[in-house]
Amino acid sequence: MMSDKIEIIGLSKKELEDILSQMGEKKFRAKQIWQWLYFRGVQNFDEMTNLSKDLRATLKNHFILNRPKIIAEQISKDKTHKWLLEFSDGERVETVYIPEADRGAVCISTQVGCAMGCKFCHTGTQTLTRNLTAGEIVSQFMVARDSYHEWPSPTDETRYLSNIVIMGMGEPLQNKENVIKALNILSDGDGIAISRRRITMSTCGIVPEINDVLEKTGVRLAISLHAPNNTIRNTLMPINKVYSIEKILEACQKYQSKDGSRYVTFEYLMLDKINDSVQQAQELVSLLKKYKIRATFNLIPFNPWEGSAFKPSTHEAIKSFANILQKAGFACPVRVARGQDISAACGQLKSKTIS
Ligand code: SAH
Ligand code: SF4
């Protein structure tokens, strides 16, 4: 028999309140339950000890409270931690935790596979199987927090899991409604409470959706740019034929026009002899100056995968490229590839394997 129970993780606060009020419960009950779920991280209704036994029984009849199943888990030499998670229909995604000295980011997936087909991306070689629900997006973070025993949500800044990057598998703006809902749950102050300023969403540039999501969630924007002009970007990222670099930069201008303190992070993959020359760095600088974009760069060393057609840029090429951007006034850390030995680095995620 099909269960008609509802997954409780992933309901918005309003949805939870509405369902409880239909059940004849007072509004403050929704807040109490919310705190058990997202502040304390309990995995069982019986632990919600300030609710009556009757209410707990009713909740069990109405709702499912489950984490995704951990199918495999690996920790790399540099302490990067990767989980292969399975949802109730058997679909799988990977979630990664990347620790720094005194903090760390959880890298979350938004789709099983991806339809964008970027040529350098391992995830892009899979087709899109399905979107993740808001609950499936949020619960990836909850699994990570379970692992580090960081419940209840820390109230000071000394937390191990301090940041979230939407940079796992999938294109978040192709799953807009669920991503908005998930981001608003993750940043809710009564629960998981990761500040909006510490959440970054990365997109390949689905232009019409960019500003809508940012306005509705307040998170930070990262764009996977990877090229200084449309000729090169077209060959790397098919989506560029629909939304060109100029259209992306106009969307960034619009985002920054609302608040002078907003920066955009541009991710730029360093591909040997494709997009990594000094001239191309200069071309990039003129482009951003023309559009007056306040930006930080993330130069990403290309992580090769079996069958990929590209080679990583040389160390010298990366240094010269970074130099030009820095001289032009753009902060430009070179991202160190993390977790490569367990295939947890950017663009290496796949749902079918974990080797
Ligand atoms: N779909 C979104 C978010 C997920 S991809 C996006 O494209 O932005 C996260 C980042 O990993 C993107 O910047 C992507 O371009 C980068 N990436 C993809 N393949 C990579 C690879 N092989 N090596 C390093 N980074 C890669
Ligand atoms: Fe999809 Fe992002 Fe990979 Fe492109 S880089 S295929 S948009 S996950």
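Conventions adopted
Residues numbered from 1 in each chain as written. Chains lettered and ligands numbered in written order. Predicted model: local features only at pLDDT ≥ 70, side-chain atom pairs only at ≥ 80, totals over all residues. Heavy atoms only, no water. Domains from an automatic or database assignment. Contact = heavy atoms within 4.5 Å. Buried area = accessible area lost by both parts, 1.4 Å probe. Salt bridge = Lys/Arg side-chain N within 4 Å of Asp/Glu carboxyl O. Near = heavy atom within 4 Å. Polar contact = N/O pair within 3.5 Å; in protein donor to acceptor, adjacent residues only side chain to side chain. Areas by Shrake-Rupley, 256 points an atom, 1.4 Å probe, with all protein chains shown as cover. Helix = DSSP H or I, 4+ residues; strand = E, 2+ residues; numbered from the N terminus. Nonpolar A, V, L, I, M, F, W, Y, C, P; charged D, E, K, R; others polar. Buried < 20%, exposed > 50% of the residue type's maximum accessible area, 1.4 Å probe, protein only. Pairing = 2+ DSSP bridges. Right-handed = clockwise from strand over helix to strand, strands pointing away. Axes fitted to C-alpha atoms, helices over the stretch in contact; angles between N-to-C directions. Parallel < 35°, antiparallel > 145°, perpendicular 65-115°, else oblique. Left-handed = near helix turned anticlockwise from the far one by under 90°. Core = buried A, V, L, I, M, F, W, Y, C linked by side-chain atoms within 4.5 Å. Phe/Tyr/Trp six-rings, centres within 6.5 Å; stacked < 30°, edge-to-face > 60°. Lys NZ or Arg CZ within 6 Å of the ring centre and 35° of its normal.

**Considering the domain arrangement of the chain**
When cut into domains, the chain gives domain 1 (6-64) and domain 2 (69-342). Of note, the centres of domain 1 and domain 2, computed from C-alpha atoms alone, are 33 Å apart. Contacts between domain 1 and domain 2 engage 16 residues on the former and 17 residues on the latter. Between domain 1 and domain 2, the buried area comes to about 1,300 Å², and carbon and sulfur atoms account for 59% of it. At the junction of domain 1 and domain 2, the tally comes to four salt bridges. Here K31 ties to D190 by a salt bridge, and the two come within 3.9 Å at their closest N and O atoms.

**Let's talk about the site of ligand 1**
Residues in contact with ligand 1 amount to 20 residues; listed here are only the nearest, F120, G170, S202, S224 and H226. Here an oxygen atom of ligand 1 sits 3.5 Å away from a polar atom, N or O, in the main chain of T203. Note that an oxygen atom of ligand 1 is positioned 3.1 Å from one of the side-chain N or O atoms of E267. For ligand 1, whose free accessible area comes to 540 Å², the fraction covered by protein is 95%. Every element with two or more residues in the shell around ligand 1 is listed here: strand 10 (199-203), strand 12 (264-270) and strand 13 (295-301). Here the residues of the shell around ligand 1 sort into ten nonpolar, eight polar and two charged.

**Description of the pairing of strand 9 (residues 163-166)**
What you see with strand 9 is no split at all: N163 and V165 on one side and I164 and I166 on the other are buried throughout. Direction of pairing for strand 6 (residues 104-107) relative to strand 9: parallel, over a ladder of three bridges. Residue pairing across strands places V106 opposite I164, the latter belonging to strand 9. Taken together, the three bridges between strand 9 and strand 10 define a ladder with parallel strand orientation. Among the inter-strand pairings, I164 is bridged to a residue of strand 10, identified as I199. On the question of chirality, the crossover connecting strand 9 to the parallel strand 10 by way of helix 5 (residues 176-186) is right-handed.

**Brief notes about the side chain of K176**
Within the secondary structure layout, K176 lies in helix 5. Polar contacts involving the side chain of K176 include one to the side chain of D212, which spans 2.5 Å. Not counting chain neighbours up to four residues away, the residues in contact with K176 comprise E209, D212 and V213.

**Brief notes about the packing of helix 6 (residues 207-217) against helix 8 (residues 245-257)**
Taken N-terminus to C-terminus, the directions of helix 6 and helix 8 make an angle of 20°; their axes are 9 Å apart at the nearest point. Looking at the two axes, helix 6 sits roughly parallel to helix 8. Relative to helix 8, the crossing made by helix 6 is right-handed. Within the contact between the two elements, helix 6 uses V207, I210, N211 and L214 and helix 8 uses K247, I248, A251, K254 and Y255. Of the residues assigned to the contact of helix 6 with helix 8, the class counts are six nonpolar, one polar and two charged.

**Things to note about the site of ligand 2**
With respect to spatial proximity, the complete set of residues near ligand 2 consists of C114, M116, G117, C118, F120, C121, G124, G170, E171 and C204. Of the residues assigned to the shell around ligand 2, the class counts are six nonpolar, three polar and one charged.

**Regarding the sheet that holds strand 6**
A sheet is described by the order of its strands in space; here nine strands give the open sequence 3-4-5-6-9-10-11-12-13, paired in mixed fashion. Since the sheet does not close on itself, it has two edges, and those belong to strand 3 (69-75) and strand 13, each with one partner. The average undirected angle you get between the axes of adjacent strands in this sheet is 20°. Lying over the sheet, helix 10 (residues 315-327) contacts strand 12 and strand 13, oriented at roughly 180° with respect to strand 13.

**Thoughts on the environment of E100**
Mapped onto the elements, E100 comes out in the loop between strand 5 (92-99) and strand 6. Along the sequence, E100 and S162 sit 62 residues apart, while their C-alpha atoms lie 9.9 Å from each other.

**Re the nonpolar core**
Membership of the largest hydrophobic core comes to 106 residues, with the highest contact counts inside it found for I8, M48 and F266. In terms of residue count, the dominant contributor to this core is helix 4 (residues 134-147) (seven residues). Counting only domains with at least three residues in this core, you end up with domain 1 (6-64) and domain 2 (69-342). If we skip the residues at most four places from it in the chain, I8 touches L16, I33, L37, Y38, F45, F63, I64 and L65.

**Quick notes on the packing of aromatic side chains**
In this structure the tally under the stated criterion is eight aromatic pairs. Centre to centre, the rings of F297 and F330 are 5.7 Å apart; their planes meet at 85°, and the pair counts as edge-to-face. Of the two residues, F297 sits in strand 13 while F330 sits in the segment after helix 10, which places them 33 residues apart along the sequence. Residue classification places F297 among the buried residues on the basis of a relative accessible area of 0%. Since its relative accessible area comes to 8%, F330 is described here as buried. The interplanar angle of 80° and the centroid separation of 6.0 Å between the aromatic rings of F302 and F310 together place this pair among those described as edge-to-face. There is no split in this pair, since F302 and F310 are both buried. Through pairs of rings, three or more aromatic residues link up here, namely Y97, Y148 and Y160. The ring of W151 carries R145 above its face, with NZ or CZ at 5.0 Å from the centroid.

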